[in-house]
Amino acid sequence: GSQFVRDAAVAPRALPTGSRRRLSLALELDTLAVDLYDCGPSTLRTLRYLATVESRAGRDIIAADFDRRAVVERLRADPRPAYDALMDQASCPGVGNVIKCEALHGAAIAPTVRLAELPAARLVLLVDVARAFAQRWHQLCRRGAGHRIHKGVYGATACACGTPISLVRAGEKNRITYFCPRCQTREASLTATMARRGGSLLGWLQPTHTTAVGGAAVHGEGGEAEAESTAVVVSAAAAGGGGGLTPEQRGRIARKKAAAARARRQWACAQCTLRNAAQERRCTACRTRRPEAAAAASARKRPADTPDPHTRPAPAATASAGVGVRLVAPRCKCSASTKLQRVRKAGQTHGRLFWSCPKRQQQSCGAFIWADATFPRCACKKKALLRRVLKPGPTNGRYFFSCPVPSGVSGTGGTGRGCGFFSWESNHAACWDRNAAQIQIPL
């Protein structure tokens, strides 16, 4: 439906002749009125519901008067895993799937851990990281630049530590959770303090605290902007020449500032968009040359028989868990590298992979090429679908082939579930090109 706000003294506006819109409800208040159009009875909420929503205002993740203690207490009492408990709108309104994934990664907490098991300091840290990310995102959205928010794991292929991102789909929400299997282990989640991680500014973030150091108050704040989340604010009395601080404390502050400076000098890979450290000459995920390094290499004009010292041996033909598969992206009529997509429409080809022109519809050349020409066929005589394991467990992230007949549709066997074909992608080395870069398969 839709809504229209008007002055209480003004009658509802007349609808044009032949309009299909219908006025469902008019809420008359003291100074204004709200007209609701095309709203069924199931979409209309009572005043009790509105009062319930108003009572959660203090727990909203970006509220000005944020009640952190109330949020922490409700999360502590929630027996569900983190990927469900953190998205409960009754406990912490405003936390969606993106904020959940980035908060768990920034606080180094495994998504399958129950929040009731976390130490008190780690749970407070999780709430602070979620609030800091939500505030930054909200500020960018108000300026029309919400797409510029930096995401560490959501939609990424690799973590800043170089580990491929894993995905899990489980719980009541059944939403996909992105996480780093190296930074977000269960053992690291249950420790009282978080280990500092290189390549992630949020890895330095700790709960708000105030410590007296040599007569100067040193504050650590967990709700600042991304570039400031590692800053240590020292009072003017101590900042005048470092007076009152021991050499060890000054060194700690200098190391934090140096880490923030290194993070600002990171460069993004043109192939997979992974942010790499400043000293890396090649992308740690796909081994693509850094733009400056590639230009310098071509300028040196290395002889053809001189091997490149930065070139790694040819990788295996199969894909490792959670990384991708090695497929060669063909060129379209625009001479651009095609984009791998999956058929979403219901029908005989639902779920199949294909290559298409990466440009927008107005500028696209209309290229369409099936990407499963080398895939095996199941007993139903159909091309098997390439899927990824999203359930938690030792096989999470692995790719496999399965029968394309959806559940409930009779296949060759007449069981109502197709032919039941299943095979790991590692059993079909002929499907992959060992010299091609690894490509993430659309879910």
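Refer to the structure printed above.
S.K.: Quick question: what am I supposed to make of the sheet that holds strand β15 (residues 385-388) here?
M.R.: Across a sheet, paired strands are connected by hydrogen bonds in the backbone, their directions being either parallel or antiparallel. Read across the open sheet, the 3 strands follow the order β15-β16-β17; overall the sheet is antiparallel. Only two strands of the sheet have a single partner each, and these edge strands are β15 and β17 (422-424). Strand-to-strand twist in this sheet, taken as the mean axis angle between neighbours without regard to direction, amounts to 30 degrees. Relative to β17, strand β16 (residues 399-402) is paired through 3 bridges, and the arrangement is antiparallel. From the neighbouring strand, serine 402 faces β17, where its bridge partner is phenylalanine 422.

S.K.: Which parts of the structure should I look at to understand the sheet that holds strand β1 (residues 2-7)?
M.R.: Read from one edge of the open sheet, 3 strands run β1-β3-β2, paired in antiparallel fashion. Two strands close off the open sheet at either side, each with one partner strand: β1 and β2 (23-28). Geometrically, the sheet is characterised by an average inter-axis angle of 20 degrees between neighbouring strands, direction not taken into account.

S.K.: Got a minute to help me understand the pairing of strand β3 (residues 32-37) in this structure?
M.R.: Residues in a regular strand project their side chains so that they alternate between the two faces of the sheet. For β3, the tally of buried residues reaches 5 of 6 residues, placing the bulk of the element in the interior. Bridge analysis of β2 against β3 gives 5 bridges, and the strand direction is antiparallel. Bridge pairing links leucine 25 to leucine 36 in β3. What sits between β2 and β3 in their antiparallel hairpin is a turn of 3 residues.

Calculation notes
By convention here, each chain's residues receive numbers from 1 onward along its written sequence. Owing to the predicted nature of the model, reporting of local features is limited to residues with pLDDT of at least 70; listing and counting of side-chain atom pairs is limited to 80 or more, with chain, interface and lining totals taken over all residues. Neither water nor hydrogens contribute to the side-chain values; these are computed over all heavy atoms in the structure. Criterion used throughout: strands pair if DSSP finds at least two bridges between them. Note on conventions: DSSP H or I runs of at least 4 residues are helices, E runs of at least 2 residues are strands, and numbering of each starts at the N terminus. Fitting a line to C-alpha atoms yields each axis, with helices limited to the stretch in contact; the angle taken between N-to-C directions then spans 0 to 180 degrees. Per-residue accessibility, obtained with a 1.4 Å probe over protein chains only, is compared with the maximum for each type, and a residue is labelled buried under 20%, exposed over 50%, and partly exposed between these values.

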